[in-house]
Amino acid sequence: MESNQSPNKQQLEPTEAEKRHEEIQTKRQRKRIERMAQRSYRERIKEFNEQLDRAPEHHDMPRVGPG
């Protein structure tokens, strides 16, 4: 082979779909980071604890019969 690179190590250009996917992923990540930066750690923990308080306990068994 006369090329400097072997066929197995060629760098392929990303397709248009792959480029769009990367752009969308970076935008989503940026938004997520901005949203997290708006609230302090304490606020996030408080919201998380409130969410846990509203959720049912996973080990609670409903009463089925008398007794």
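Look a little higher up for the structure.
Computed from a predicted model, the values in this text were never measured in an experiment.

Counting its secondary structure elements, the protein chain contains 2 helices and 0 strands. Looking at the protein chain as a whole, 0% of its 67 residues are labelled buried.

This structure, assessed with the given rule, holds 2 salt bridges. In this structure, E47 and R39 form a salt bridge, with 2.4 Å as the shortest nitrogen-oxygen distance. With a relative accessible area of 37%, E47 lands in the partly exposed category.

Moving on, we come to a positive patch on the surface. Among the surface-exposed residues, K27, R28, R30, K31, R32 and R35 lie close enough to one another that they form a single positively charged patch. Classification of R35 by relative accessible area gives partly exposed; the value is 49%.

What counts and how
- Residues numbered from 1 in each chain as written.
- Predicted model: local features only at pLDDT ≥ 70, side-chain atom pairs only at ≥ 80, totals over all residues.
- Heavy atoms only, no water.
- Helix = DSSP H or I, 4+ residues; strand = E, 2+ residues; numbered from the N terminus.
- Buried < 20%, exposed > 50% of the residue type's maximum accessible area, 1.4 Å probe, protein only.
- Salt bridge = Lys/Arg side-chain N within 4 Å of Asp/Glu carboxyl O.
- Patch = residues over 30% accessible without salt bridge, like charges linked within 9 Å, V, L, I, M, F, W, Y side chains within 5 Å.
- Areas by Shrake-Rupley, 256 points an atom, 1.4 Å probe, with all protein chains shown as cover.
- Lys, Arg positive; Asp, Glu negative; His and termini not counted.
- Charge placed at Lys NZ, Arg CZ, Asp CG, Glu CD.

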